[in-house]
Amino acid sequence: MDEKRQHTALERVAQVLSDMFSPIVLPIYMMAVAMWVSPLVAVPEKTRFVMTGVVAALTAVIPTAVILALIRLGKVKDVSLSSRSERMIPYTVSILCYAATAVVLYSVRAPMWLCSFYLGAGATSVVAALITGKWKISAHSSAVGGVAAALIWMGFKDMLLFGTPYWVSGGIVLCGFVGTSRLILCRHTPAQVFAGYALGAASVTAMLLLFAN
């Protein structure tokens, strides 16, 4: 009985971690880091809040609304998109939203490294959408892998204004927590989790090297 309770508690913790660091919210966290921990902190605070809100609307509110609508229509069973066959429309919406985010940021003259992060997220979604028809690659680990890559890049470029080792280390540790939570919940295999890390990190790094150097 005690072992069963411990297992249940572990699953609850894993679910909380999965929800707190889902692909829906991680782009918002990254925008917050950009606005308050990078040189962009010099931008007026009101503008920083507004732009973070715009990114939240594009990368979280719209995709979530689409998923909820699909659930009501019976096209999707749950918010987690457990079935591979249910992921194509949400992936398509995410791709369009990430592209729109990059365009909006570029239009307000945001630095290219910030635009590149969202281009990388969009590229990740494109590849994941192509893969998901055959294999259930982890969207959670793809997202957190992209964030970790961005934090590492910012660290190398001395763009984190304080606590650089902690931000970089935190990004790497977060990958471990999120990936482990997906394994505990039996949502993915280790191969799917590690493939997600590789995809997210490679896509974001590629966009940063192409457009932000």
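Everything below is about the structure shown above.
Everything numeric in this text was worked out from a predicted model, so none of it was measured.

(A) The arrangement of helix α3 (residues 45–72) in detail. Here α3 spans 38 Å end to end across 28 residues, near enough to the 40 Å set by a 1.5 Å rise per residue. Those residues of α3 that sit buried are R48, M51, T52, V55, A56, L58, T59, A60, P63, I67 and L70. For α3, the secondary structure elements touched by its buried residues are α2 (26–37), α4 (88–107) and α5 (112–132). Directly beyond the C-terminal end of α3, a positive phi value near 80 degrees is found at G74.

(B) A look at the environment of M159. One can find M159 in the loop between α6 (139–156) and α7 (164–184). Residue M159 is classed as buried on the basis of its relative accessible area of 13%. Separated by 83 residues in the primary sequence, M159 and V76 have C-alpha atoms spaced 41 Å apart. Discounting chain neighbours no more than four positions away, the residues touching M159 are V37, S38, P39, W113, W153 and M154.

(C) Representation of a nonpolar patch on the surface in the model. On the surface, V16, M20 and Y29 cluster together to form a nonpolar patch covering roughly 260 Å² of accessible area. Here Y29 is to be found in helix α2.

(D) Just the side chain of H140, in detail. Positionally, H140 belongs in helix α6. Judged by its relative accessible area of 11%, H140 is buried. Polar side-chain contacts of H140 include one of 3.5 Å to the side chain of R182. Those residues within four positions of H140 in sequence are excluded, and the remaining contacts are S18, F21, S22, P23, V178 and R182.

(E) Spatial organisation of the packing of α6 against helix α8 (residues 190–211). Orientation of α6 relative to α8, taken along the N-to-C sense of each, is 40 degrees, at an axis distance of 7 Å. Here α6 lies oblique to α8, going by the angle between them. In the crossing of α6 with α8, the sense of the turn from one axis to the other is right-handed. On α8, the residues that touch S141, S142, V144, G145, G146, A149, A150 and W153 of α6 are Q192, V193, G196, Y197, L199, G200, A201, V204, T205 and L208.

(F) Geometry of the packing of aromatic side chains. Considering all chains together, one arrives at four aromatic pairs under this definition. Both rings, one in F21 and one in Y29, keep their centres 5.9 Å apart while their planes meet at 70 degrees; by these two values the pair is edge-to-face. When its relative accessible area of 17% is taken as the criterion, F21 is described as buried. The class of Y29 is partly exposed, set by a relative accessible area of 37%.

(G) Spatial organisation of the nonpolar core. Ranked by size, the top nonpolar core spans 40 residues in total, and within it M30, M31, L105, W113, L114 and Y118 carry the most contacts. If you list the elements that add at least two residues to this core, you get α2, α3, α4, α5, α6, α7 and α8. A per-element tally of this core places α6 first, with nine residues. If sequence neighbours within four positions are ignored, M31 has contacts with M51, T52, V55, L105, L114 and Y118. A128, A129, I137 and L199 belong to the second-largest nonpolar core, a separate cluster that totals six residues.

Calculation criteria
Residues numbered from 1 in each chain as written. Predicted model: local features only at pLDDT ≥ 70, side-chain atom pairs only at ≥ 80, totals over all residues. Heavy atoms only, no water. Helix = DSSP H or I, 4+ residues; strand = E, 2+ residues; numbered from the N terminus. Expected span 1.5 Å × (residues − 1). Buried < 20%, exposed > 50% of the residue type's maximum accessible area, 1.4 Å probe, protein only. Contact = heavy atoms within 4.5 Å. Patch = residues over 30% accessible without salt bridge, like charges linked within 9 Å, V, L, I, M, F, W, Y side chains within 5 Å. Areas by Shrake-Rupley, 256 points an atom, 1.4 Å probe, with all protein chains shown as cover. Salt bridge = Lys/Arg side-chain N within 4 Å of Asp/Glu carboxyl O. Polar contact = N/O pair within 3.5 Å; in protein donor to acceptor, adjacent residues only side chain to side chain. Axes fitted to C-alpha atoms, helices over the stretch in contact; angles between N-to-C directions. Parallel < 35°, antiparallel > 145°, perpendicular 65-115°, else oblique. Left-handed = near helix turned anticlockwise from the far one by under 90°. Phe/Tyr/Trp six-rings, centres within 6.5 Å; stacked < 30°, edge-to-face > 60°. Core = buried A, V, L, I, M, F, W, Y, C linked by side-chain atoms within 4.5 Å.

These values are about where atoms sit, not about what they do.
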